[in-house]
Amino acid sequence: MITEVQERLMSGHLSTSEVNGSVVYHQVVNVPVIGEIVQCPVSPGLLTLVLQGPISNSGPVYIGGSTVGRTGTATVGLSIRPGVTYGPVRLSNTRPLHVTADNANDKLVIFGVA
């Protein structure tokens, strides 16, 4: 089922009704201030995530732990460029995910699949 979700996400034709309720979580996380680290409100119990940097973003978003971000040329965490879909990502622990960005109001789209 995760492959179907990923294909529909990449084609821009995804809605929860189309995958018969298999998408149990959908969240758009906004980074309102350049470099601000925002905790992602991911629902407990999700085992697989698909992440997307919307094409409308001005630059990459970074996802990782509480120290996610960029310092000079070094990056801590996973960089997701605008228009890129990453996943499926299998979660192996229950630590919170965090996101930041180089540009104010860039976003990360998260789909959680059970």
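Structure first, text after, so check above.
Reference entry: report on the structure contained in this document. Computed from a predicted structure; not experimentally measured.

## A closer look at the nonpolar core
Consideration 1: Counting residues in each nonpolar core, the largest one holds 14 residues, and the members touching the most others are Val29, Leu51, Val61, Ile80, Val99, Leu108 and Ile110.
Consideration 2: Sorting the residues of this core by element identifies strand 1 (23-31), strand 3 (48-52), strand 4 (61-64), strand 9 (98-101) and strand 10 (106-113) as the ones contributing at least two each.
Consideration 3: Here valine 29 is in contact with Val38, Cys40, Pro41, Val99, Asp106, Lys107, Leu108 and Ile110, once residues within four sequence places are set aside.

## Details of unusual backbone geometry
Consideration 1: With an omega of 5°, the peptide bond between glycine 87 and proline 88 qualifies as cis.
Consideration 2: The residue asparagine 105 is not glycine, and still its phi comes out positive at about 70°.
Consideration 3: Its place among the elements puts asparagine 105 in the loop between strand 9 and strand 10.

## Focus: the pairing of strand 4
Consideration 1: Residues Val61 and Ile63 of strand 4 are buried on one face, and the alternating residues Tyr62 and Gly64, pointing to the opposite face, are buried as well.
Consideration 2: Pairing geometry for strand 4 and strand 7 (residues 78-80), over three bridges, is antiparallel. Pairing of tyrosine 62 across the sheet is with serine 79, part of strand 7.
Consideration 3: As paired elements, strand 4 and strand 9 share four bridges and run antiparallel to each other. Each residue of the ladder has a partner; that of isoleucine 63, found in strand 9, is valine 99.

## What to know about the environment of lysine 107
Consideration 1: Along the chain, the position of lysine 107 falls in strand 10.
Consideration 2: Overall, the relative accessible area of 29% leaves lysine 107 in the partly exposed class.
Consideration 3: In this structure lysine 107 touches Val28, Val29, Asn30, Gln52, Gly53, Pro54, Asn57 and Val61, once residues within four positions along its chain are discounted.
Consideration 4: In this structure the side chain of lysine 107 is engaged in a polar contact, spanning 3.2 Å, whose partner is the side chain of asparagine 30.

Rules and cut-offs
Residues numbered from 1 in each chain as written. Predicted model: local features only at pLDDT ≥ 70, side-chain atom pairs only at ≥ 80, totals over all residues. Heavy atoms only, no water. Core = buried A, V, L, I, M, F, W, Y, C linked by side-chain atoms within 4.5 Å. Buried < 20%, exposed > 50% of the residue type's maximum accessible area, 1.4 Å probe, protein only. Helix = DSSP H or I, 4+ residues; strand = E, 2+ residues; numbered from the N terminus. Contact = heavy atoms within 4.5 Å. Pairing = 2+ DSSP bridges. Polar contact = N/O pair within 3.5 Å; in protein donor to acceptor, adjacent residues only side chain to side chain.

These figures capture arrangement, not role.
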